[in-house]
Amino acid sequence: MAMVKLNVLHWHIVDDPSFPYTSISFPDLANKGAFDSAHRYSQADIQRVIAFAEEHGVVVMPEFDTPGHVLSWGKALSNFLTYCPGKGTFGGDYGPIDPSSEHSYQILEKLFSEIVRVFPSEMIHLGGDEVPFNCWKANPDLVAWMKQKGIVGFANLENYYENRLLDIIHGLNHSYVVWEEIFTNKLEIRPDTIVHVWKGSWENTMAKVVKGGYRTILSSPWYLNYITFSRDWKKYYEVEPLNITATNEEKKLVIGGEACMWGEYVDDSNILSRTFPRTSAVAERLWSHEKQRDEPDMEFRLDKHRCGMNARGIPAETVILRSYCPYEFRGYDDLHI
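I will try to describe carefully the structure that is included in this document. Just so it is clear, the structure is predicted and the values come from calculations on it, not from any experiment.

## A few points about the environment of Asp-16
Part 1 of the reasoning: On the secondary structure map, Asp-16 appears in the loop between strand S1 (8-12) and helix H1 (28-33).
Part 2 of the reasoning: For Asp-16, a relative accessible area of 9% puts it in the buried group.
Part 3 of the reasoning: Taking the C-alpha atoms as reference, Asp-16 lies 9.6 Å from Asp-65; in sequence the two are 49 residues apart.
Part 4 of the reasoning: In this structure, Asp-16 is in contact with His-69, Val-70, Leu-71, Ser-72, Thr-89 and Phe-90, ignoring residues within four places of it in sequence.
Part 5 of the reasoning: Looking at Asp-16, its side chain comes within polar contact range of the main-chain nitrogen of Val-70, at 2.9 Å.

Here it is in structure tokens:
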């Protein structure tokens, strides 16, 4: 990342399948929610990542995505997830966090209080995407509670949850990022919200976000986990993040972009080769003037850059047909960063 001047590592550290973060306050989240004892991040592991990143000018921004994407949390926390037989995550019996339970917010306050102490980043990513309303709808106790509270519709229920969560984060005096659904579902968000745009028709969404006065980050066109044949780096390089219908002042609210490598089909055996040098093309675009569009020159430089990465022990994949690099990847023991 430092080689191409990328300066924020967005660490989506937990999700439905696994909770590998070893919490000080809730150690059973990892003890019961991680795949196994070998696939956890200890507090010492996390501090090594943070320190190593800091040495290279990179800030680590953690993401603890809620109220969806939390199935792994329920293995350790009773009465925390919404019970909805057959309507839950992966067709199971449990779905998002139960937003009617004060117990849920007590847990969240204690956990996020810990997180902001562990991670020195000024920002934390709160997620908020892909909340399965069908599970909430299938829980009669939750529906009755909504009626008692005068909450009409599940978008408004999500709004209730998010406002309670933001109260917690503001109480911790911390900045935050949320996925775009928090904005597009018309939730009542605060002026300091940073909206992370990741879905299709991103030009329209970003234009609406900045016209609403909110800062934004773009990742929609830079999902590296979508693999295509040949020189797919070009499609990442050709994107212009400021190609939106907005004034120059509004465009200043576009504070950055992000290349995403999701983990469904990657592990330690292929994550670096799939990430680099394709991410380098994203970095070039984000740090370059919009008129910088010389693809042949970029391809030449990217090939040399890739070979330089190989020389330092990074298994960056080839980008040019019949390319030659005298340095071969010989294992992570040869990594020199």
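More follows now that the structure is in view.
## A word on the environment of Thr-245
Part 1 of the reasoning: Its location among the elements puts Thr-245 in the loop between helix H9 (233-237) and helix H10 (248-251).
Part 2 of the reasoning: Residue classification places Thr-245 among the exposed residues on the basis of a relative accessible area of 64%.
Part 3 of the reasoning: Once residues lying within four places of it in the same chain are set aside, the contact partners of Thr-245 are Ala-207 and Lys-211.

## Some remarks on unusual backbone geometry
Part 1 of the reasoning: With an omega of 5 degrees, the peptide bond running from Thr-66 to Pro-67 counts as cis.
Part 2 of the reasoning: One can find Pro-67 in the loop between strand S2 (59-63) and strand S3 (81-83).
Part 3 of the reasoning: Cis geometry marks the peptide bond from Phe-276 to Pro-277; its omega dihedral reads 5 degrees.
Part 4 of the reasoning: Within the element layout of this structure, Pro-277 appears in the loop between helix H11 (271-275) and helix H12 (278-287).
Part 5 of the reasoning: Of note, Glu-130 is a non-glycine position whose phi angle comes to about 50 degrees, a positive value.
Part 6 of the reasoning: Within the element layout of this structure, Glu-130 appears in the loop between strand S5 (123-125) and helix H4 (133-137).

## Examining the pairing of strand S7 (residues 194-197)
Part 1 of the reasoning: The side-chain alternation of S7 yields two buried faces, one formed by Ile-194 and His-196 and the other by Val-195 and Val-197.
Part 2 of the reasoning: For S7 and strand S8 (residues 215-218), the ladder comprises four bridges, and the chain directions are parallel. Pairing of Val-195 across the sheet is with Thr-216, part of S8.
Part 3 of the reasoning: Taken together, S7, helix H8 (residues 202-211) and S8 form a β-α-β motif whose crossover is right-handed.

## Some thoughts on helix H3 (residues 102-118)
Within an α-helix, residues lying three or four positions from one another point in the same direction, as the helix has 3.6 residues per turn.
Part 1 of the reasoning: Compared with an ideal rise of 1.5 Å per residue, which puts 17 residues at 24 Å, H3 spans 25 Å between its outermost C-alpha atoms and is within 8% of the ideal.
Part 2 of the reasoning: Within H3, the full set of buried residues consists of Ser-104, Tyr-105, Ile-107, Leu-108, Leu-111, Phe-112, Ser-113, Glu-114, Ile-115, Val-116 and Val-118.
Part 3 of the reasoning: For H3, the N-terminal cap is Ser-101; the gap from its side-chain oxygen to the backbone nitrogen of His-103 is 3.2 Å.

## Comments concerning the side chain of Glu-63
Part 1 of the reasoning: As for its placement among the helices and strands, Glu-63 is situated in strand S2.
Part 2 of the reasoning: Here the side chain of Glu-63 touches His-10 through a polar contact of 2.7 Å, side chain to side chain.

## Examining the nonpolar core
When a protein is soluble and globular, its nonpolar side chains tend to lie buried together.
Part 1 of the reasoning: One finds Tyr-21, Phe-64, Trp-73, Leu-108, Phe-112, Phe-119 and Leu-126 to be the most contacted residues of the largest nonpolar core, which totals 59 residues.
Part 2 of the reasoning: Contributions of two or more residues to this core are made by helix H2 (43-55), H3, helix H6 (154-171), strand S6 (175-179), helix H7 (181-184), S7 and H8.
Part 3 of the reasoning: Setting aside residues no more than four positions away along its own chain, Leu-126 makes contact with Phe-64, Asp-65, Thr-66, Phe-112, Leu-165, Leu-166, Ile-169, Tyr-176, Val-177 and Val-178.
Part 4 of the reasoning: Counting residues in hydrophobic clusters, the runner-up holds eight residues, among them Trp-136, Leu-142, Trp-145 and Ile-151.

## A word on the state of the cysteines
Part 1 of the reasoning: Counting across every chain of the model gives two disulfides.
Part 2 of the reasoning: Two residues share a disulfide in this structure: Cys-84 and Cys-135, whose sulfurs sit 2.0 Å from each other. With the S-S dihedral at roughly -95 degrees, the linkage between Cys-84 and Cys-135 falls on the left-handed side. Here the residue Cys-84 occupies a position in the loop between S3 and strand S4 (94-97), and Cys-135 occupies one in helix H4, the gap between them amounting to 51 residues.
Part 3 of the reasoning: With relative accessibility at 0%, the residue Cys-135 sits in the buried group.
Part 4 of the reasoning: Here Cys-307 connects covalently by a disulfide to Cys-325, the sulfurs 2.1 Å from one another. Handedness here is read from the sign of the S-S torsion; for Cys-307 and Cys-325, about 85 degrees, the answer is right-handed. You can see Cys-307 sitting in helix H13 (residues 295-311) and its partner Cys-325 sitting in the segment after H13, a full 18 residues away along the chain. Accessibility assignment for this pair places Cys-307 and Cys-325 in one class, buried.

## Some thoughts on the packing of aromatic side chains
Part 1 of the reasoning: According to the stated counting rule, one finds 22 aromatic pairs in the structure shown.
Part 2 of the reasoning: Between Trp-145 and Tyr-160, the ring centres sit 5.3 Å apart and the planes meet at 70 degrees, which makes this aromatic pair edge-to-face. On the criterion of sequence distance, the pair formed by Trp-145 in helix H5 (residues 140-149) and Tyr-160 in helix H6 is long-range, its members being 15 residues apart.
Part 3 of the reasoning: A ring pair is formed by Tyr-223 and Tyr-226, whose centres lie 6.0 Å apart and whose planes are at 25 degrees; its orientation type is stacked.
Part 4 of the reasoning: Overall, Tyr-226 belongs to the exposed group, its relative accessible area being 54%.
Part 5 of the reasoning: Counting every residue linked through ring pairs, the aromatic cluster contains Trp-11, Phe-19, Tyr-21, Tyr-41, Phe-64, Trp-73, Phe-80, Phe-112 and Phe-119.
Part 6 of the reasoning: Positioned over the ring face of Phe-26 is Lys-110, at 5.5 Å from the centre of the ring.
Part 7 of the reasoning: Taking the ring centre of Tyr-237 as reference, the NZ or CZ of Arg-285 above it sits at 4.7 Å.

Criteria and thresholds
- Residues numbered from 1 in each chain as written.
- Predicted model: local features only at pLDDT ≥ 70, side-chain atom pairs only at ≥ 80, totals over all residues.
- Heavy atoms only, no water.
- Helix = DSSP H or I, 4+ residues; strand = E, 2+ residues; numbered from the N terminus.
- Buried < 20%, exposed > 50% of the residue type's maximum accessible area, 1.4 Å probe, protein only.
- Contact = heavy atoms within 4.5 Å.
- Polar contact = N/O pair within 3.5 Å; in protein donor to acceptor, adjacent residues only side chain to side chain.
- Pairing = 2+ DSSP bridges.
- Right-handed = clockwise from strand over helix to strand, strands pointing away.
- Expected span 1.5 Å × (residues − 1).
- Core = buried A, V, L, I, M, F, W, Y, C linked by side-chain atoms within 4.5 Å.
- Disulfide = S-S within 2.5 Å.
- Phe/Tyr/Trp six-rings, centres within 6.5 Å; stacked < 30°, edge-to-face > 60°.
- Lys NZ or Arg CZ within 6 Å of the ring centre and 35° of its normal.

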